[in-house]
Amino acid sequence: MAKIETPRPVRGTQDMLGGMSEAFQERFAHVVATFDRVRRLYGFQRVEVPVFEATAVFARSLGESTDVVSKEMYTFEDRGGDSITLRPEFTAGIARAYVTEGWQQYAPLKVATHGPLFRYERPQKGRFRQFHQLDAEIIGAGEPGADVELLVFADQLLRELGVSEGVTLNLNTLGDAQSREAWRAALVAHFEAHRDQLSEESLDRLHRNPLRILDSKDPRDRPVADSAPDIDLYLTDEARSFFDKVTAGLDAAGVAWERNARLVRGLDYYRHTAFEFITDRLGAQGTVLGGGRYDGLIENLGGPSTAAVGWAAGIERLAMLIEAPELDKPSVAVIPMGEAAETKATGIIADLRRAGLACDMGYRGNMKKRMQRANASGAVWAIILGDDELARGEAALRDLRSGEQQAVPLTALVETLTAT
């Protein structure tokens with residue numbers, strides 16, 4: 001009979017099992033748990049949006065000409081002939097739901113979520129084709145205080161994860177619509193004057209997405225990009241005041257930041273604040289959390305003009321930066337010897353777990369092997385149950401730290417262990 005070939009995992013995906021050598025799954029779970037705890041402190045509701053959407057949701061929100069839409073999305077036609085896309089990011093789906101589900105009535109709305117996203121990109125350190133993100137958004141608030149709150153939330157999350165050291169908040173303003181349009185025109189004129197020095201990719205972006213040339217990684221583009229005019233020359237008084245209020249709020253909250261006048265967002269619906277928390281510990285891809293204000297997005301999706309600001313952070317990338325948390329180990333190991341003892345132990349272990357005690361049962365091997373496994377598990381107590389103990393209506397309770405052992409009535413096990 002021919003050997004059955006086991007299908008391999010799809011490139012750029014990963015399987016995670018808790019307790020593996022690097023305990024990556026434990027770090028992953030710790031990032032999510034910390035995010036859920038901190039977002040409650042800031043009053044952000046948990047929201048769920050579909051894993052797939054109509055392709056138009058992402059094409060309109062990310063721009064037909066962006067790399068994500070043109071090269072990286074997982075798009076397919078379903079049985080009804082509709083074009084469907086696995087979500088490459090959260091913001092577009094949340095913005096779509098805000099319009100279609102009547103969430104405008106709750107504005108200003110503070111929401112947060114986390115889960116898997118999908119992009120067909122070249123896998124590299126900290127980057128996968130199925131990856132996971134944290135996401136936080138404030139929709140319906142045009143005040144700079146909303147930007148500040150999101151940034152302070154992000155800063156506290158990184159602090160509580162223990163990764164704030166060595167992570168720098170880079171901050172910029174893209175101005176209001178008037179400022180941005182004037183800056184864009186100046187950039188196009190500057191790049192046109194030096195088009196013979198630009199890379200092919202930047203020439204392609206010149207009229208389509210000129211702001212993106214500013215953060216080009218191609219060394220051919222850097223001299224031209226570095227000599228381009230800053231947005232500060234084109235800021236309206238209102239836009240300058242908005243940015244001043246954001247930075248004053250960060251200073252008041254004790255959040256350190258650095259101005260990066262070359263930090264941009266290429267799509268036209270981005271306004272005012274743009275930011276990235278950057279580390280040098282993950283190679284070339286140094287952003288661990290990033291976002292900005294996107295006041296024009298909901299209008300792009302057919303909704304009313306709505307102010308909004310948000311950020312996203314890669315869970316895998318954060319998990320790579322944090323120390324492995326203390327694993328939850330069984331505090332009680334139940335060791336039954338014999339069939340009758342196993343049956344009784346099933347009831348005992350259920351009672352212990354209902355009382356809030358972490359415990360596990362040793363099924364296999366002789367007494368010595370079971371005790372070795374109990375010690376290796378990190379358990380504090382071992383409950384030993386055999387025919388003799390059953391006959392007396394008691395169990396042997398051993399303290400695995402000291403080796404001391406005592407007989408405890410079966411009816412008093414829960415009380416004895418919860419009192420220690």
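Look above for the structure.
A short tour of the structure in this document, coming up.

About the cut-offs
Residues numbered from 1 in each chain as written. Predicted model: local features only at pLDDT ≥ 70, side-chain atom pairs only at ≥ 80, totals over all residues. Heavy atoms only, no water. Salt bridge = Lys/Arg side-chain N within 4 Å of Asp/Glu carboxyl O. Helix = DSSP H or I, 4+ residues; strand = E, 2+ residues; numbered from the N terminus. Expected span 1.5 Å × (residues − 1). Buried < 20%, exposed > 50% of the residue type's maximum accessible area, 1.4 Å probe, protein only. Contact = heavy atoms within 4.5 Å. Pairing = 2+ DSSP bridges. Axes fitted to C-alpha atoms, helices over the stretch in contact; angles between N-to-C directions. Parallel < 35°, antiparallel > 145°, perpendicular 65-115°, else oblique. Left-handed = near helix turned anticlockwise from the far one by under 90°. Nonpolar A, V, L, I, M, F, W, Y, C, P; charged D, E, K, R; others polar.

1. Quick look at the pattern of salt bridges
Then, number 1: Under the counting rule described, the total for this entry stands at 21 salt bridges.
Then, number 2: A salt bridge links glutamate 394 to arginine 392, with the shortest nitrogen-to-oxygen separation between them at 2.7 Å.
Then, number 3: Here the salt bridges do not stand alone but share partners, grouping Glu53, Arg96 and Glu101 into one network.

2. Thoughts on helix H12 (residues 339-354)
Then, number 1: In this model H12 runs 23 Å from its N-terminal to its C-terminal C-alpha over 16 residues, within 8% of the 22 Å that 1.5 Å per residue would give.
Then, number 2: Looking at H12, one finds that the buried residues are Ala341, Ala345, Ile348, Ile349 and Leu352.
Then, number 3: Among the structural elements, strand E12 (332-336), strand E13 (359-361), strand E14 (381-385), helix H14 (387-392) and helix H15 (413-418) are those in contact with the buried residues of H12.
Then, number 4: The first or second residue beyond H12 is glycine 356, which carries a positive phi of 90°.

3. Considering the sheet that holds strand E2 (residues 52-54)
Then, number 1: The strand order E2-E4-E3 describes an open sheet built from three strands, whose pairing is antiparallel. Unpaired on one side and paired on the other, E2 and strand E3 (75-77) mark the two borders of the sheet. Strand after strand, the sheet turns through a mean of 35° between neighbouring axes, direction not considered.
Then, number 2: Bridging between E3 and strand E4 (residues 83-86) involves three bridges; their strand directions are antiparallel. Directly across from threonine 75, in E4, lies its bridge partner threonine 85.

4. Re the packing of helix H1 (residues 24-41) against helix H5 (residues 144-161)
Then, number 1: With their axes 10 Å apart at the nearest point, H1 and H5 run at an angle of 140° to one another. In terms of orientation, H1 and H5 fall into the oblique class. Considering the relative orientation of H1 and H5, their crossing is right-handed. Packed against H1, whose contacting residues are His30, Val31, Thr34, Phe35, Arg37, Val38, Arg39 and Leu41, the element H5 presents Phe153, Gln156, Leu157, Glu160 and Leu161 at the interface.
Then, number 2: Broken down by class, the residue content of the contact of H1 with H5 amounts to seven nonpolar, three polar and three charged.

Distances and angles like these do not, on their own, reveal function.
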